[in-house]
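Commentary on secondary and tertiary structure
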Amino acid sequence: MKFVTTSSLGFPRMGPNRELKFALEKYWKGSISQDDLLHVARSVEDAAWALHAGLTKITVGDQYLYDFVLMMTESLGIVPKRFANQPPGIDRLFAMARGIDGAPALSMKKWITSNYHYMVPEYDETSQIHADFSRFLEDCRRGVTALGADCATPVLLGPVSFAYLTKISAPGMSKSTLVVLLLPVYQALMQELVGLGVKEIQIHEPCLVFNDPSITPLLDAAYPAILAPDVTINMVSYMDDVGDANYQWLMSATNGIHVVSLDFTRGDTLALVDKYGATKAIGCGLVDARNVWKFDPAKVLPVLKSLVSKGIAFRIQPSSTLQFLPWTVEREEKLIAENHPAVQVMAFAKEKLDEVVRLAKIAGCMLDGEDSNHLLADYESAWKSFVDSRVTSQSLSVRDRLQAVQLSDFRRSSDYLERRKEQLKGLPPLPTTTIGSFPQTSAIRRVRAAWKKGLLNDSEYQAAMDQQIAYCIGVQETLGLDILVHGEPERTDMVEFFGEQLEGIVFTQHGWVQSFGSRCVRPPVFWNDISRPFPMTTREYKVAQSLTEKPVKGMLTGPITILNWSFPRIDISRREQAFQVALCIRDEIRDLEEAGCIVIQVDEPALREGMPFRETERNEYLGWAVDAFRLSTAGAKSETQIHTHMCYCEFQDCMHAIDRMDTDVNSIENARSDNATLKAFKSIGYTKGFGPGLYDIHSPVVPSKEEIEAKLRSFLTVLDLDQTVVNPDCGLKTRGWPETIAALRNMVDATAVVRKELSTCLPCSM
C-alpha cells in the first residue's frame, strides 16, 4: 500500500467539555488570571494534538481565544481610534471583541456560509501597523516541540483575505494599499516561522471562494512576495469551489505555492481539476468538516478514483477546519445506549480525523491496485442499516403532505397595505419592543439542570418557568414597552428548543460547537422526515398574555434558521428539509392564533449565511428559502402581525429576497453599523415595518439615553415614522438583569423624547 500524505486544517478550540468557554467567562469576570486562561487554552490544544495520531501534518498556532480574524487584527496591531489607548495584548483583543465604556465593539459578521462569527477589522485614519506576533510564534514553537518540525504546520490568515475582510475608512487607503503595507510584516513573520524549523506553512485565503475578480491583483501583489524559501506553502480555501479564474491562478507556476488545499464536499472542485488539470499537489478536502455524518462510500469513492486515475499528486484532509463540529461521538452515551439509528453513521471532529487516515489507506490501495473492500465494509453496512431504519408511516405522511402543497399556501390572504390596517390598532408612534429573549440567569440554569436530572417533575419545572415569565412581563410593564415578550426562560437555544420537540430531529448531549467568543451552540441533527407531534409554544404564550393587557409576541424560529443551524441530512435536498420544517411552523402559528396571539415573530437570522456565492446558485437558494418562510407564515390571519429578525450579516445582496418574504415588521442588527443598510433597503422601495437595532446587546456596555436618542433620530432621517419599530439589535439572553433593565429603560426614555419631538405626527398604525 502506497503512503498518502494526510493533513489537518484545524480542530475545535473549546475543548471536549467546553473548558475554554468557561475559562474565558471566568477571565472576563476577573475570577482567574491571564496565565490561568492560557493554561486552559494550551491544555485543550494538547488534547487536540493527541487525537491527531497517524496524520502527517498537524496545525499549530491556531488555538485562538476569540476568532481567527481578530487574532490577526490584534497581532498586526491594527486598531481603530476608539481602542488606541488600550495596551496591546489579550485584553485589547477582548476589548475590540466585546466593547468597553466609550468604545463599541468591532462589527461581528458570519464567517462565509457558516454560523461561526468573526470580528470585522477596521482601518481608520489613525490606524497603523504595529505588529507583535510573539504569542503566535510561542504557540508555534510549542507545537514544534510537541509534534516535531516535520509535522507541526503553522496556520496564517493570508494578507489578501485579511485586507478583503477589513472595513477601511482611512482617506487614501484601499484594500490594495493595505496589502502592500502588510507585505513586509508577512515577509518577516514567514522568516521567523522558517527559523523555528517548520517544513510547511498553511496560508488560509478563504476569500478565494468569493469569485470576485478584484481579488486577483491582490493575490498577485502578495504572492510570491511574502513567501520564504526552503518551506512548503500550502494555500487553503474552503466552503465552496474557488471558481475558474482563482483555480487557474492557484495552479500558476509563478506564485510560489506548492500545495493547493480545496473543498471537495461543496461546489464542484473536481470539475475544475478535470477542466484544467493540476500542476501542483492538491489537498483533497474529501472528509466533510461541516456535517456530522460519516463519509458515504457511494459518493466519496468515485471522486477518489477520479483523482487517482489522473496521476496527480494529492493528499487527504478534511474539507476545512474541523472547528464547526463537536469534539467526539464517544461522549454521546445516551444515543449510544439507546442504539439510536443515527449514531452508527455519525462522525464528529475526532472521528473525522480517523476518516482522513482511512481514506488515505483506501487511496494507497487504489494507487497500488490493491483491494480496499476491507476498509469499506463496515461503512457500507452502517449506511444501509441507517437508511432502512428511516422508512416509517410518519415519514411517509410528511412526504404526502408536502406533495399536497399548493401555490396559494405561499401567499397571505391580503397584501401588506391592506392587512396593516387591521393589525395592533392603538399603538403609539415608534412602538417599543425587544427581540425575544431575556437573561438566562444562573437560577434558571439550576432549575433546568435539576429538571433534566429528574429532581423536579414537569409541573414543578413549569411553575418555576412561569415565575420567570411573570418577572419578565412585570419588568416590561414597568419600563413601559409596548409589545411584550415572555422572555423565553424555558429555552436554552432558539433552534435547540424547537428541534427537541420535532420528530425526525435528534439531539446530542455534548455536541457543542463554537459560534463566537465563548458562545457555544448544540446544533440539532436532521435524521428523518420532520413533523410536529404537538404545540410547542402555546402554553408559555398563554401564561404571559394572561398577565398583561398589552400584546405579547409569539416567538418562533424560522425554517431556514432551523435548517442552517442544524446538521442536515445528505440524502435529500435542503429545500425539501426546509419545507418540512415550514409546515411545522405553519401549524404552530395556527395554534398560537387560536390561543389569541395577534403578533408572532418568526426569526430568520440565518437566511443570509446559507446563500451560495455564484449568482445562479444564489438565486435558486433564495427562491426556495423565501418560499419556505412564506409557507410557514402565509397561513396567518390578516390581523396577525408577522415579525422576523435577522442579524450579523450583509443584507445588500439579498434585500429583494427579504422584501419578498412579505413580513409585516423586520428587525435587523444595526447597532454596530451606520445607516448604509437602512438606505439600501430604502433604495429598493422597502416600505414594510422596520426595526433597526438601537444598541449592541453583545457588549456589556449600557448605552446612554442620549446615545440612543441620536441613533433613533438618525434612523428617522432614512425611515418613515410609521414604519419604524424600536428595539435592541438581538435577544438579551447573554446579558445580566441590571444592564438589561438599564439599557431598556434608556431605550424607552429616549423613544419618549423623540416621540415628543414628533408629536405633530399622526399616530402610528403599526
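Cut-offs and rules
Residues numbered from 1 in each chain as written. Predicted model: local features only at pLDDT ≥ 70, side-chain atom pairs only at ≥ 80, totals over all residues. Heavy atoms only, no water. Core = buried A, V, L, I, M, F, W, Y, C linked by side-chain atoms within 4.5 Å. Buried < 20%, exposed > 50% of the residue type's maximum accessible area, 1.4 Å probe, protein only. Helix = DSSP H or I, 4+ residues; strand = E, 2+ residues; numbered from the N terminus. Domains from an automatic or database assignment. Polar contact = N/O pair within 3.5 Å; in protein donor to acceptor, adjacent residues only side chain to side chain. Contact = heavy atoms within 4.5 Å. Axes fitted to C-alpha atoms, helices over the stretch in contact; angles between N-to-C directions. Parallel < 35°, antiparallel > 145°, perpendicular 65-115°, else oblique. Left-handed = near helix turned anticlockwise from the far one by under 90°. Pairing = 2+ DSSP bridges. Right-handed = clockwise from strand over helix to strand, strands pointing away. UniProt positions renumbered as here; feature names shortened; annotations may be inferred. Salt bridge = Lys/Arg side-chain N within 4 Å of Asp/Glu carboxyl O. Phe/Tyr/Trp six-rings, centres within 6.5 Å; stacked < 30°, edge-to-face > 60°. Lys NZ or Arg CZ within 6 Å of the ring centre and 35° of its normal.

Here the focus is the nonpolar core. The biggest cluster of nonpolar side chains holds 131 residues, and the ones touching the most others in it are Trp111, Leu193, Tyr223, Phe264 and Trp293. It is helix α13 (residues 349–368) that contributes the most residues to this core, ten residues altogether. Summarising the domain contributions, this core has at least three residues from each of domain 1 (19–64 + 130–389) and domain 2 (394–402 + 431–757). Membership of the second largest hydrophobic core comes to 91 residues, among which are Ala625, Phe629, Leu732 and Val754.

Below, the discussion takes up the side chain of glutamine 323. If you trace the backbone, glutamine 323 turns up in the loop between β11 (314–318) and α12 (333–338). On the basis of relative accessibility, which here comes to 9%, the residue glutamine 323 falls in the buried class. A distance of 3.2 Å separates the side chain of glutamine 323 from the side chain of arginine 13, its partner in a polar contact. Here glutamine 323 is in contact with Phe11, Pro12, Arg13, Tyr116 and Val513, once residues within four sequence places are set aside.

Time to look at the packing of helix α18 (residues 458–479) against helix α20 (residues 538–545). In contact at an axis separation of 9 Å, α18 and α20 are set at 45° when each is read in the N-to-C sense. As judged from the angle between their axes, α18 and α20 are oblique. Between α18 and α20 the crossing geometry is right-handed. Along the contact surface, α18 presents Gln462, Asp466, Ile469 and Ile473, while α20 presents Arg539, Glu540, Val543 and Ala544.

Across a regular strand the side chains alternate sides, sitting on one face of the sheet and then on the other. Strand β8 (residues 232–236) sits mainly inside the fold: four of its five residues count as buried. Pairing analysis gives five bridges linking strand β7 (residues 200–204) to β8, with the strands arranged parallel. Along β8, the bridge assignment pairs glutamate 200 with threonine 232. Read from β7 through helix α8 (residues 215–222) to β8, the crossover connection turns out right-handed. Relative to strand β9 (residues 259–263), β8 runs parallel, the two being bridged by three bridges. Each residue of the ladder has a partner; that of asparagine 234, found in β9, is valine 259. Following the chain from β8 across helix α9 (residues 243–250) to the adjacent parallel β9, one finds a crossover that is right-handed.

An order of β16-β17-β18-β19-β20 is seen for the five strands of this open sheet, with the pairing classed as parallel. Strand pairing shows two members of the sheet lacking a second neighbour, β16 (554–557) and β20 (689–692), which therefore form its edges. Ignoring strand direction, the axes of neighbouring strands in this sheet form an average angle of 20°. As judged from the three bridges shared by strand β17 (residues 599–603) and strand β18 (residues 641–646), these two strands associate in the parallel manner. Counterpart to isoleucine 600 in the pairing with β18 is isoleucine 642.

Taken in spatial order, the seven strands of this open sheet run β1-β5-β7-β8-β9-β10-β11, and their pairing is parallel. The open sheet has two edge strands, β1 (58–60) and β11, and neither has a second partner. Adjacent strand axes in the sheet meet at a mean angle of 30°, parallel and antiparallel pairs treated alike. Relative to β11, strand β10 (residues 281–287) runs parallel, the two being bridged by five bridges. Note that in β11 the partner of isoleucine 282 across the bridge is phenylalanine 314. Across the sheet, helix α3 (residues 68–76) touches β5 (152–157) and β7, and the angle it forms with β5 is around 80°.

Within this structure's numbering, the places UniProt gives as "binding site: Zn(2+)" (unreviewed entry) are His645, Cys647, His656, Glu669 and Cys730. Within the element layout of this structure, histidine 645 appears in strand β18. Within the secondary structure, histidine 656 sits in helix α24 (residues 655–660). Here histidine 656 falls in the exposed class, since its relative accessible area comes to 59%.

So, on to the pattern of salt bridges. Scanning the model with the defined rule gives 51 salt bridges in all. One salt bridge in this structure joins arginine 92 and glutamate 74, with 2.9 Å as the shortest N-O distance. A residue pair is termed long-range when its members are at least 10 positions apart, and arginine 92 in helix α4 (residues 90–98) and glutamate 74 in helix α3 qualify at 18 residues. For glutamate 74, a relative accessible area of 10% corresponds to the buried category.

Within α20, the full set of buried residues consists of Thr538, Glu540, Tyr541, Val543 and Ala544. Residues of α20 that are buried make contact with α18 and α22 (574–594).

Within the secondary structure layout, alanine 582 lies in helix α22. C-alpha separation for the pair alanine 582 and arginine 412, spaced 170 residues apart in sequence, amounts to 15 Å. Setting aside anything within four residues of it in sequence, one finds alanine 582 in contact with Pro559, Ala628, Leu631 and Ser632.

With the rule as written, the count across this model stands at 27 aromatic pairs. Aromatic pair phenylalanine 410 and phenylalanine 579: ring centres 5.9 Å apart, planes at 50°, arrangement tilted. Here phenylalanine 579 lies in helix α22 and phenylalanine 410 lies in the loop between α15 (393–403) and α16 (416–420), a separation of 169 residues in the sequence. Look at phenylalanine 410 and you get buried, because its relative accessible area is 13%. Ring centres of phenylalanine 681 and tyrosine 686 lie 5.2 Å apart, and the angle between their planes is 70°; on these two criteria the pair is classed as edge-to-face. Side by side, phenylalanine 681 and tyrosine 686 carry an identical accessibility label, which is buried. In this structure an aromatic cluster arises from ring pairing among Tyr27, Trp28, Tyr66 and Phe94. Directly above the ring of tyrosine 416 sits lysine 688, whose terminal nitrogen or CZ lies 6.0 Å from the centroid. Against the face of tyrosine 686 rests lysine 688, its NZ or CZ located 5.7 Å from the ring centre.

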